[in-house]
Amino acid sequence: MSRANAYYITSPIYYVNDAPHIGHAYTSLACDALARFMRLDGREVKFLTGTDEHGQKVEKAASAAGEAPQAFVERMSRRFSRLSDQMGFTNDDFIRTTEQRHVASVQRLWRELAARDQIYLGVYAGWYSVRDEAFYTESDLVDGMAPTGAPVEWVEEPSYFFRLSAWQDRLLEHYENNPDFIAPETRRNEVISFVKGGLVDLSVSRTSFRWGVPVPDDPDHVMYVWIDALTNYITGVGYPDTAHPEYRRFWPADVHLVGKDILRFHAVYWPAFLMAAELPPPKRVFAHGWWTNEGRKISKSLGNIIDPVALVERYGLDQVRYFLLREVPFGNDGDFSHRAMVSRMNDDLANDFGNLVQRVLSMVNRNCDARVPEPGALEDADEKLLAAAHALLDELRDSFARQSFHTALIRLWEVIGAANRYVDEQAPWALNKTDPARMRTVLYVLAETIRHLAVLAQPITPGGAGRILDQLAVDEGARGFASLGPDGALVPGTPLAKPEGVFPRYVEAGQGAR
RNA sequence: GGCGGAGUAGCUCAGUCGGUAGAGCAACGGAAUCAUAAUCCGUGGGUCGGGGGUUCGAGUCCCUCCUCCGCUACCA
């Protein structure tokens, strides 16, 4: 496969101290949809996710749990790999920062930076609050106390620093020359504004804890989060072996998908590290927004954290995937509410899409001898509907290239709407009595339209889309985008099984179907 | 404080180069009956945050005021 055909997408690595929640699932889901889309489009995809397992918090949590750090992270990391399985994510690899491949990678990157005089030994100083276990800057302090009201003390410890300040101009130049490097636009503005405000060197090691990657040649230090965590993206493709086939094929990454809270690390520190090591920066960093729960900010103290697995159990996997990617423009914040979820699930999936498939395939089953009907000459309305279906691929390519999942879904649903209107206008149930040949043409056009819709819906709702293609007797090997268009059209005469609903309605408890 | 974004129909939002406001959902009325009581059609007099200005004409440009949100360095 050529480099141009490769597509490398990453989720952040998730901090094992956190319990998996909707935020983690959301980021990985977006990656998964993108990865699936690109695979179906014939690209060679690598989708990487994983866990971040070092740091003082982990060291302390392990100690509090009476466990060795390594045993602790084994257990905690598994919760994230399990979430990936439960959500049906198709990541090609799962990286853990405690793996030997990563330790070797990070130490090598460190040496590369040090060899280029990008790292120097200095003193990290700041106001430390023992109670908060956190450092504060001068500007953070309120009346000489931490913002939390905790007492602070001036602490100094030796630390290695990365010469981030030296990269300000080259970063700004990079943003300028690569307008798509940071998305969405508003986040890009924020990052540029931040960098223009001036960069100071970055403390990249600690001596206050041991649970981290040792700094080469100075065992008193372990690496602080930045270099350790971000480097996972190149570890995943074989670094430090830059001759590795995966590195050659996949680096630089096509897109790092991240939450807006960690954009700066990805859009400022990470490209600076890479450029300083004379490695190419990623092509794009996309920061998505946060979800609220029934209009309220999600927080541990409110106890309203959303468990993605519970959502899937209640509404279904396809339904949750569809909702999260349709409800809000990717990049914006959004609100999760039961009402909105049910509306998407019932109105969009069950009524519009599911019912379209059901009504068409039922007529085929009953009136066409349960076989793909033989079409006659096409009329304008037929050509128009098919043209809309055929145009979808290019439209969705544009949307997915921009991570604009909701516009992709809007396009799909425009054709679903057009197909439903076409059914009503053509009234094949009436044609069954007056003009069966015309009915067969109409149903064929609809079946072929549905094939396009299902093939293209696979990245978002892989379960239901797959069942639709099953019902159309489309071979597993003929479900890629290469099969779209007239050349891959359904073959008249192909026997079809009796249709079954693919997107069930949500029925409120106690309100059984009437 | 500085920088950036936003305030448009009950709700969520579109509105390109300025030309007398649109979509989805909800609501109401109708058609149809193939289908997961699903579908289709019709119905929107909302000071486009307030005020002022430019213009033949402004959500759409300029000024000003109000409100909300994001970023403003080491919280993955």
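Before reading on, note that the structure itself is shown above.
Chains are numbered independently. Their residues run from 1 in the order of the written sequence. All chains are assigned letters beginning at A, and all ligands numbers beginning at 1, according to the order in which they are written. This being a predicted model, a pLDDT of at least 70 is required before a residue's local features are given, and a value of 80 or more before pairs of side-chain atoms are given or counted; all residues contribute to the totals for chains, interfaces and linings. Calculated side-chain values reflect all of the structure's heavy atoms, with hydrogen atoms and water omitted.

The next thing to look at is the protein's contact with RNA strand B. Here, proximity means that at least one heavy atom of the residue falls within 4 Å of the molecule or strand. Residues in contact with RNA strand B amount to 43 residues; listed here are only the nearest, Tyr 15, Gly 198, Trp 226, Arg 264 and Asn 355. Considering the 4 Å shell around the protein, atoms of RNA strand B inside it are sugar or phosphate in 64% of instances. Within 3.5 Å is the distance limit for a polar contact, defined as a pair of N or O atoms, with the added protein rule that one can donate a hydrogen and the other accept it, and that residues adjacent in sequence qualify only through two side-chain atoms. Within the contact set of RNA strand B, a sugar or linking oxygen lies 2.9 Å away from a side-chain nitrogen or oxygen of Arg 187. With respect to RNA strand B, the backbone of Asn 351 contributes an N or O atom lying 3.1 Å from a sugar or linking oxygen. Counting from the N terminus, the helices are the DSSP runs of H or I reaching at least four residues and the strands are the DSSP runs of E reaching at least two. Elements with a contribution of two residues or more to the surface near RNA strand B: α6 (185–196), β8 (202–203), α7 (225–230), α13 (338–367) and α15 (405–426). For the surface near RNA strand B, the element with the most residues is α13, which contributes 11 residues.

Moving on, we come to the pattern of salt bridges. In what follows, salt bridge is the name for a side-chain nitrogen of Lys or Arg lying within 4 Å of a carboxyl oxygen of Asp or Glu. The final tally for this structure, using the stated rule, is 32 salt bridges. Put simply, Arg 75 and Glu 67 hold a salt bridge, and the shortest N to O gap is 2.5 Å. Among the residues examined, Arg 75 registers a relative accessible area of 38% and is labelled partly exposed. Buried means the residue's accessible area, taken with a 1.4 Å probe over protein chains only, is under 20% of the maximum for its type, while exposed means over 50%, and partly exposed covers the values in between. In this structure Glu 67 comes out as partly exposed when scored by relative accessible area, which is 25%. Shared partners join several salt bridges into a network, and the residues in it are Lys 46, Asp 93, Glu 99, Arg 101 and Glu 246.

With that settled, the discussion passes to helix α10 (residues 263–276). Since the α-helix advances by 3.6 residues per turn, residues separated by three or four positions end up pointing in the same direction. The span one expects for a helix is its residue count, reduced by one, times 1.5 Å. Taking 1.5 Å of rise per residue, the 14 residues of α10 would be expected to cover 20 Å, and the 19 Å separating its terminal C-alpha atoms lies within 8% of that figure. Note on bend: the value at a residue is the angle between axes fitted to the seven residues ending there and to the seven starting there. Tyr 269 marks where α10 bends most, by close to 30°; the proline Pro 271 follows one to four residues later. Along α10, 12 of the 14 residues are buried, which leaves the element largely enclosed by surrounding structure. Of the residues making up α10, those classed as buried are Leu 263, His 266, Ala 267, Val 268, Tyr 269, Trp 270, Pro 271, Ala 272, Phe 273, Leu 274, Met 275 and Ala 276. Immediately beyond the C-terminal end of α10, within one or two residues, lies Glu 278, with a positive phi of roughly 65°.

Pairing between strands is defined by DSSP: at least two bridges between them are needed. The strand order across the open sheet formed by 4 strands is β5-β4-β6-β8, and the pairing between neighbours is antiparallel. Every other strand in the sheet has two partners, leaving β5 (134–136) and β8 as the edge strands with one partner each. In this structure, strand β4 (residues 119–129) lies alongside strand β6 (residues 153–162), joined through 10 bridges in antiparallel fashion. Across the sheet, the residue bridging to Trp 127 is Trp 154, located in β6.

Okay, unusual backbone geometry next. Between Ala 183 and Pro 184 the backbone carries a cis peptide bond, its omega angle lying at -5°. Position of Pro 184 among the secondary structure elements: in the loop between β7 (182–183) and α6. Of note, Asp 369 is a non-glycine position whose phi angle comes to about 65°, a positive value. On the secondary structure map, Asp 369 appears in the loop between α13 and α14 (380–401). We classify Asp 369 as exposed; its relative accessible area is 59%.

Before going further, it helps to spend a moment on the packing of helix α5 (residues 168–177) against α6. When two helices pack together, their arrangement is given by the angle between their axes and by how far apart the axes lie. Working convention: axes come from line fits to C-alpha atoms, limited for helices to the stretch in contact. Angles between N-to-C directions cover 0 to 180 degrees. It is at 10 Å that the axes of α5 and α6 come closest, and there the two elements cross at 155°. Overall, the two elements α5 and α6 adopt an arrangement that is roughly antiparallel. The element α5 and its partner α6 pack so that their crossing is left-handed. For the pair α5 and α6, contact is made by Gln 168, Leu 171, Leu 172, Tyr 175 and Glu 176 and by Arg 188, Val 191, Ile 192, Val 195 and Lys 196, respectively. Note on residue categories: nonpolar means Ala, Val, Leu, Ile, Met, Phe, Trp, Tyr, Cys or Pro, charged means Asp, Glu, Lys or Arg, and polar means any other residue, Gly included. Considering only residue class, the contact of α5 with α6 consists of 6 nonpolar, 1 polar and 3 charged. Roughly parallel here means an angle under 35 degrees, roughly antiparallel means over 145, roughly perpendicular means 65 to 115, and every remaining angle is called oblique. Left-handed is the label given to a crossing in which the near helix is rotated counterclockwise from the far helix by less than a right angle, and right-handed is the label when the rotation is clockwise. Whether two residues are in contact is decided by their heavy atoms, any of which lying within 4.5 Å being enough.

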